[in-house]
Amino acid sequence: MSVNTKRFSPPLRFRTQVLLLVGTLVAATLLVQGTYLHHRQGQIITEQIGLRAMNVAQAVAQIPAIVEAFDTPEPAAIIQPLAEQIRIETGARYVVVGNRFGIRYSHPLPERLGLPMVGGDNERALIGGEAYISEAEGSLGEAIRGKAPIFNAAGDIVGIVSVGFMLEKVDYDIDNYLALGWILVGLMVLLGLAGAAWLAQHLKRVILGLEPHEIARLVMEKDAILQSIHEGIVAINREGRITLLNQAARRFLDLPSDSDALGLPVQELVPNSRLREVLSSGERQFDQEMWIGEHPVVVNRVPIIHAGKVEGAVATFRSRQEIRDLSLALNAVSKDMDALRVQAHEFSNKLYTISGLLQLDKPQQALALINQETAREQAQLATVLEQVADPLVGGILLGKLADAAEKGVQLDIVEHSALHTPLSPGGQEVLLSVLGNLLNNAVDAALQGTDTIPRVRLFFTDLGAQLLFEVEDNGPGVDPGLLAQIFQDGFTTKQGKHRGIGLALVRRLCLEHDGDVSLEDGDLGGACFIVTLAKDRVARQEEKAG
């Protein structure tokens, strides 16, 4: 059995990738540019040598002595010395003068005088009378040649001048001339590679030594964490434009999850964010209260500081109502625990009293005390246990009974009260908040009344499509002039901090669960609050389906 194993080479590190990419681009750019310049400069030098050859040929063709020599019996005797002198002075490989039939009158090699010119490129000068540049292979090799016709006094073409520079020598001169350029190109390539190495090292340091895939993972993790946080988060840059907005913040701002709010000025979404104050001052702000739309929130604002400069700011906010609800729930638990401790102490005293009566051999008095203390509590306890199906609601009712008894308030649960609807976790929280706040207010109000016995009466039922609660006390009632304000957040007639929360919370919870809360005059002479809640909004899911 053969096993096909493939070796997967690990990906190149970021520093190596940058070095290879930038180094290759710099080297390729410089090499291409150097090659082009080399070719172009070679062309220019070749053209200049060709022009030089043609200019020399034209100058030779106009020398009077050479023109007049064509009328002598031995033109070569006059022309050869002149042509050789010119060849030496101009650095040309040869200066050849020929008659109109191409027979040489001058040549660097004297033995070739009188022989025909080689190359086959004389027609344009001898026939057309044109001066030009050509490349051809002559008797001495391939050369760049300048050609010019010789005219006599009558204007007739009597000969031709050919001045040549050997191509091999031209290429050698070009290479020597451009060698320094290639050295500079090599130095620039090395400098580019060194720069690429520095850039790779700098980028690696800027990104804290992380690899691209590690950065991508961190970005995805950060985004997942930010989106899962219960607190709303808004971040802005130094221009005051939004750079981050998580899902919780979108819920607070009532924005759809797919809305593109990034890049917008923060004033457009949260006019009272005060983040620009943080940008200008650079100071942190903690536990500041504000409103976002219709949501009361508690905000923390901190600047983003880099290299001693404020580059942006971040605000985190959480629901103030949730904090208050939690605080109320904790206060209620604390009060219930205190009530249970007091009740345990009271029962301990009563047990000692019963024990003393028994020791004094007075069983009838002990039995009467027991019946007196337990009759009403047993009745209330039986009502709660038999008529309240939810254990949490039953627990808070028993706790409020004990708390009222400790404060000297007679809390009565109407005989036919019943709550058999199974509640959802959210429904339990709603009822705990509603009943806790209403009963606390009723007990406080009853203690302010003028009757001898402070009384509170509670009735509840779940017949029909709604849950109904009536909480009545024999306190002084509510001033008619305050009826429009009692359900407003922060309004209170009581002294002390953290007041004006309960009734506003009750009203908000009722409205959120398709119910309402109202105030009427009670039979006991005080206030009577009536609360309704839609059963299908607080019942368990299976109860709704049934």
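Residues numbered from 1 in each chain as written. Predicted model: local features only at pLDDT ≥ 70, side-chain atom pairs only at ≥ 80, totals over all residues. Heavy atoms only, no water.

Draft legend 1. Examining the sheet that holds strand S11 (residues 455-461) more closely. Strand order in the open sheet made by the 5 strands is S10-S11-S12-S14-S13, with mixed pairing throughout. The open sheet has two free edges, formed respectively by strand S10 (410-413) and strand S13 (516-521), since each of these has just one partner strand. With direction set aside, neighbouring strand axes in the sheet form an average angle of 15°. Strand direction decides the pairing type here: S10 and S11, joined by 4 bridges, are parallel. Each residue of the ladder has a partner; that of aspartate 412, found in S11, is arginine 457. Relative to S10, helix H12 (residues 391-407) is tilted by about 150°, and along the sheet it contacts S10 and S11. Across the sheet, helix H13 (residues 425-447) is in contact with S10, S11, strand S12 (466-473) and strand S14 (527-534); its angle to S12 comes to roughly 15°. (Pairing = 2+ DSSP bridges. Helix = DSSP H or I, 4+ residues; strand = E, 2+ residues; numbered from the N terminus. Axes fitted to C-alpha atoms, helices over the stretch in contact; angles between N-to-C directions. Contact = heavy atoms within 4.5 Å.)

Draft legend 2. View of the pairing of strand S6 (residues 242-245). Pairing geometry for strand S5 (residues 232-237) and S6, over 3 bridges, is antiparallel. Note that in S6 the partner of alanine 235 across the bridge is leucine 244. If you look at the hairpin formed by S5 and S6, you'll find 4 residues sitting between the two strands, and glycine 240 has a positive phi there, around 80°.

Draft legend 3. Up close: the nonpolar core. Leu397, Val456 and Val531 are the most contacted members of the largest nonpolar core, which has 40 residues in total. When residues of this core are traced back to their parent elements, those giving at least two are H12, S10, H13, S11, S12, helix H14 (502-512) and S14. In terms of residue count, the dominant contributor to this core is H13 (9 residues). With near-sequence residues (within four places) excluded, valine 531 lies in contact with Val434, Leu438, Leu467, Leu468, Phe469, Val506, Cys510, Asp516 and Val517. In terms of nonpolar packing, the next biggest core, distinct from the first, is built from 24 residues, Ala53, Ile66, Ile79 and Ile86 among them. (Core = buried A, V, L, I, M, F, W, Y, C linked by side-chain atoms within 4.5 Å. Buried < 20%, exposed > 50% of the residue type's maximum accessible area, 1.4 Å probe, protein only.)

Draft legend 4. Representation of the sheet that holds strand S7 (residues 285-292) within the structure. Pairing is antiparallel across the open sheet formed by 5 strands, whose spatial order is S6-S5-S9-S8-S7. Each of the sheet's edge strands pairs with one partner strand only, and the pair in question is S6 and S7. When strand polarity is set aside, the average angle formed by the axes of neighbouring strands in this sheet is 25°. Bridge analysis of strand S8 (residues 295-306) against strand S9 (residues 309-319) gives 10 bridges, and the strand direction is antiparallel. Across the sheet, the residue bridging to valine 297 is serine 319, located in S9.

Draft legend 5. Inspection of the packing of aromatic side chains at higher detail. One pass over the structure, following the stated rule, counts 2 aromatic pairs. The interplanar angle of 55° and the centroid separation of 5.4 Å between the aromatic rings of phenylalanine 70 and tyrosine 105 together place this pair among those described as tilted. Residue phenylalanine 70 is located in the loop between helix H2 (64-69) and helix H3 (75-90), and its partner tyrosine 105 is located in the loop between strand S1 (94-99) and helix H4 (123-126); the two are separated by 35 residues in the primary sequence. The interplanar angle of 35° and the centroid separation of 6.3 Å between the aromatic rings of phenylalanine 460 and phenylalanine 469 together place this pair among those described as tilted. Arginine 124 extends its terminal NZ or CZ atom over the ring of tyrosine 132, reaching a point 4.1 Å from the ring centre. (Phe/Tyr/Trp six-rings, centres within 6.5 Å; stacked < 30°, edge-to-face > 60°. Lys NZ or Arg CZ within 6 Å of the ring centre and 35° of its normal.)

Draft legend 6. Highlighting the environment of leucine 467. Its location among the elements puts leucine 467 in strand S12. C-alpha of leucine 467 to C-alpha of leucine 533: the two residues are 66 residues apart in sequence and 5.1 Å apart in space. Beyond its immediate chain neighbours, meaning those up to four positions away, leucine 467 contacts Leu419, Thr421, Leu423, Leu431, Thr461, Asp462, Val531, Thr532, Leu533, Lys535 and Val538.

Draft legend 7. Region of interest: the pattern of salt bridges. Applying the stated rule across the entire model yields 13 salt bridges. Arginine 124 is the partner of glutamate 130 in a salt bridge, and the nearest nitrogen-oxygen pair spans 2.6 Å. According to the relative accessible area criterion, arginine 124 is partly exposed, its value standing at 40%. Overlapping salt bridges, with partners in common, bring together Asp121, Arg145 and Lys147 in one network. (Salt bridge = Lys/Arg side-chain N within 4 Å of Asp/Glu carboxyl O.)

Draft legend 8. Main features of the side chain of aspartate 462. Looking at the secondary structure, you find aspartate 462 in the loop between S11 and S12. Salt bridges are absent for the buried aspartate 462, whose nearest opposite-charge side chain, lysine 535, sits at 5.2 Å. At 2.7 Å, the side chain of aspartate 462 forms a polar contact with the backbone nitrogen of histidine 420. Residues contacting aspartate 462, with those up to four places away along its chain left out, are Ala418, Leu419, His420, Thr421, Leu467 and Lys535. (Lys, Arg positive; Asp, Glu negative; His and termini not counted. Polar contact = N/O pair within 3.5 Å; in protein donor to acceptor, adjacent residues only side chain to side chain.)

Draft legend 9. Broad picture of a nonpolar patch on the surface. On the surface, Leu180, Ile183, Leu184, Leu187, Leu190 and Leu193 cluster together into a nonpolar patch covering about 580 Å² of accessible area. Here leucine 184 lies in helix H5 (residues 167-206). On the basis of relative accessibility, which here comes to 46%, the residue leucine 184 falls in the partly exposed class. (Patch = residues over 30% accessible without salt bridge, like charges linked within 9 Å, V, L, I, M, F, W, Y side chains within 5 Å. Areas by Shrake-Rupley, 256 points an atom, 1.4 Å probe, with all protein chains shown as cover.)

Draft legend 10. Molecular detail of the pairing of S9. The pairing of S5 with S9 spans 6 bridges and is classified as antiparallel. Bridged to alanine 235 within S9 is valine 314. As consecutive antiparallel partners, S8 and S9 are separated by 2 residues, and within that stretch alanine 307 has a phi angle of approximately 55°, a positive value.

Draft legend 11. Representation of the packing of H13 against H14 within the structure. The geometry of H13 relative to H14 is characterised by a closest axis approach of 9 Å and an angle of 145° between their N-to-C directions. Note that H13 runs across H14; the crossing there is left-handed. In this structure, H13 uses Val430, Ser433, Val434, Asn437, Leu438 and Asn441 to contact H14, whose residues at the interface are Gly502, Leu503, Leu505, Val506 and Leu509. Its residues placed into classes, the contact of H13 with H14 shows 7 nonpolar, 4 polar and no charged. (Left-handed = near helix turned anticlockwise from the far one by under 90°. Nonpolar A, V, L, I, M, F, W, Y, C, P; charged D, E, K, R; others polar.)

Draft legend 12. Here's a closer look at the packing of H12 against H13. Across the interface, H12 lies against H13 with an axial gap of 10 Å and an inter-helix angle of 15°. With respect to their mutual orientation, H12 and H13 come out roughly parallel. The handedness of the crossing between H12 and H13 comes out as right-handed. In this structure, H12 uses Leu392, Val393, Ile396, Leu397, Lys400, Ala404 and Lys407 to contact H13, whose residues at the interface are Gln428, Leu431, Leu432, Leu435, Gly436, Leu439, Asn440, Val443, Asp444 and Leu447. Taken together, the residues of the contact of H12 with H13 sort by class into 11 nonpolar, 3 polar and 3 charged. (Parallel < 35°, antiparallel > 145°, perpendicular 65-115°, else oblique.)

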